[in-house]
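Overview (structure and organization)
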Amino acid sequence: MPSPSAHPDRLPDDPQWLKGEVKRLELLVQKLTLQLARQQRARFGASSERYADGQASLIEAEFAQAEPSAAPGAEPAPAAANQGLDRSLPAHLPHEQLLLRPPASEARHDAQGRPCGCTACGGRLRALGHDVSHHLEYVPGCFKVIRAMREKQVCTACEAIWQAPAPSRPIPRGPASAGLLSHVMVSKYGDHLPLKRLSRIFAREGVHIERATMAGWVEQVHTLLEPLVAALGRHVLQGAKVHADDTPVKVLAPGRGKTLTGRLWVYVRDDRPSAGTAALAAWVRYSPDCKGEHPRAHLHGFFGILQAAAYAGCGGLYEQGVTEAACWAHARRPWWDLYERHRDEDGLAAQALRRIRALYVIEEDIRGRPPDVRRSQRQARAAPLLQAFHAWLHDVLLRSRPSRSWPALRATAWHAGLP
């Protein structure tokens, strides 16, 4: 069969071959369009991937049926401004009461000598009630010095001297208490404040702490937390299943004039969807690159179920006995990118999204149920949908499988998350 790039006068007249080539080119265009759409959405697009095809989802439909319908001919009630916005102040905060009395005449005073007369006529005033308003105040954090005095006592009989032991310090012979070290660590890693900026904030309070000093504190706190981090990792890997993902992080490279890209690997144990009672935990590890040797080292000795992205570096884990649980979110995302590009409700992307959404509805319904209930519900409700989805995917592939178009079609299938 000649190549599609051959001269038009020498192309065959076989309609089936021509239809196959047209289909191959359409799929190739969709593949390239999908790649471009994913790059543009990663740079400029919104993170939400909610799909609505003009019809209410099953859950939305149930809520719509539960709501009472308005009377015929009645006008819809106007939506209140800022409806659903909670303007109440948090109840857990400490409350202070400030009593404000109206101005009183200086001509009359009560038994305690306080003014009690009306400024208009001089008559006596009596309480009528209160108008109450609330204001949210902020008290800035402050430093304080704790002076620990260890009293010495001597026995009057044997003259032995007794003294309480010195209070423990997080850093031996260091002036920083546990509260100050916690504040520095949370500011740096939780609020992403550089130590240089934190040093300037402290200086406004009259406390001058050099950045190098706080950097030393951070290093020593890391050493103190290592046993806790190790215990957290053991707890995560003791679970029957683990969710794993990685994210790039910029790392300073002193002397190079640029930043490097490191990797943060997060491993999560979350048994709540299956009615588990184990504590929720997330274990984070760092590596200077994204080589597959890092997750293999982190998960050494784990032989449960691993739910992760389609990262090639995890292949070694699956060969060593770890059970792979493919992620539907990653399989769905290329379909969403293609749908967002064309917004064609009759296209392949919209059809795939509707099929995947039906599976999500089932998972929403059984989330938090015991494992045996989830298993039976999936077998009864999700299995037929998956079988139909599998048949639909193969039909899409077989309808566009001329020999020369197969490599391009397989590439498109891979980007769309197909097997």
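First things first, this report covers the structure right here in the doc. (Residues numbered from 1 in each chain as written. Predicted model: local features only at pLDDT ≥ 70, side-chain atom pairs only at ≥ 80, totals over all residues. Heavy atoms only, no water.)

Moving on, we get to the overall build of the protein. Counting its secondary structure elements, the protein contains eleven helices and nine strands. Buried residues in the protein amount to 25% of all 419 residues. Sequence separation of at least 24 residues holds for 48% of the intrachain contacts in the protein that already meet a minimum separation of 6. (Helix = DSSP H or I, 4+ residues; strand = E, 2+ residues; numbered from the N terminus. Buried < 20%, exposed > 50% of the residue type's maximum accessible area, 1.4 Å probe, protein only. Contact = heavy atoms within 4.5 Å.)

Now for the side chain of aspartate 271. In this fold, aspartate 271 is placed in the loop between strand E6 (258-269) and strand E7 (281-287). You can call aspartate 271 buried: its relative accessible area is 12%. In terms of polar contacts, aspartate 271 uses its side chain to reach the side chain of arginine 269, at 3.3 Å. With near-sequence residues (within four places) excluded, aspartate 271 lies in contact with Lys241, Gly276 and Ala278. (Polar contact = N/O pair within 3.5 Å; in protein donor to acceptor, adjacent residues only side chain to side chain.)

The next point concerns the pairing of strand E5 (residues 241-253). Regular strands have side chains that alternate between both faces of the sheet. Strand direction decides the pairing type here: E5 and strand E8 (residues 305-308), joined by three bridges, are parallel. Across the sheet, residue lysine 241 finds its bridge partner in E8, namely isoleucine 305. Two strands pair when backbone bridges link them, and E5 and E6 are joined in this way by eleven bridges, in the antiparallel orientation. Looking at E6, one finds that alanine 244 is bridged to tyrosine 267. Between E5 and E6, which pair antiparallel one after the other, the connecting turn spans four residues, and glycine 255 there sits at a positive phi close to 90°. (Pairing = 2+ DSSP bridges.)

Residue position: proline 370 is located in the loop between helix H9 (348-366) and helix H10 (371-398). Expressed as a C-alpha distance, the spacing of proline 370 and serine 274, which sit 96 residues apart in the sequence, is 5.4 Å. Filtering out sequence-adjacent residues up to four positions away, proline 370 remains in contact with Ser274 and Ala275.

This part is about the nonpolar core. Counting residues in each nonpolar core, the largest one holds 15 residues, and the members touching the most others are Leu180, Val184, Phe202, Met214 and Trp217. Taken together, the elements giving at least two residues each to this core come down to helix H3 (178-190), helix H4 (195-204) and helix H5 (211-237). With residues up to four places along the chain from it excluded, the contact list for valine 184 reads Leu195, Leu198, Phe202, Met214, Trp217 and Val218. (Core = buried A, V, L, I, M, F, W, Y, C linked by side-chain atoms within 4.5 Å.)

Here the structure, examined in full by the defined rule, presents eight salt bridges. Its salt-bridge partner being arginine 269, residue aspartate 271 comes within 3.3 Å of it at the nearest N-O pair. As far as the burial class goes, aspartate 271 and arginine 269 line up, both buried. A salt bridge links aspartate 270 to arginine 272, with the shortest nitrogen-to-oxygen separation between them at 2.9 Å. You can call aspartate 270 buried: its relative accessible area is 14%. The exposure class assigned to arginine 272 is exposed, which follows from its relative accessible area of 52%. A single salt-bridge network, built from bridges that share partners, covers Lys241, Arg269 and Asp271. (Salt bridge = Lys/Arg side-chain N within 4 Å of Asp/Glu carboxyl O.)

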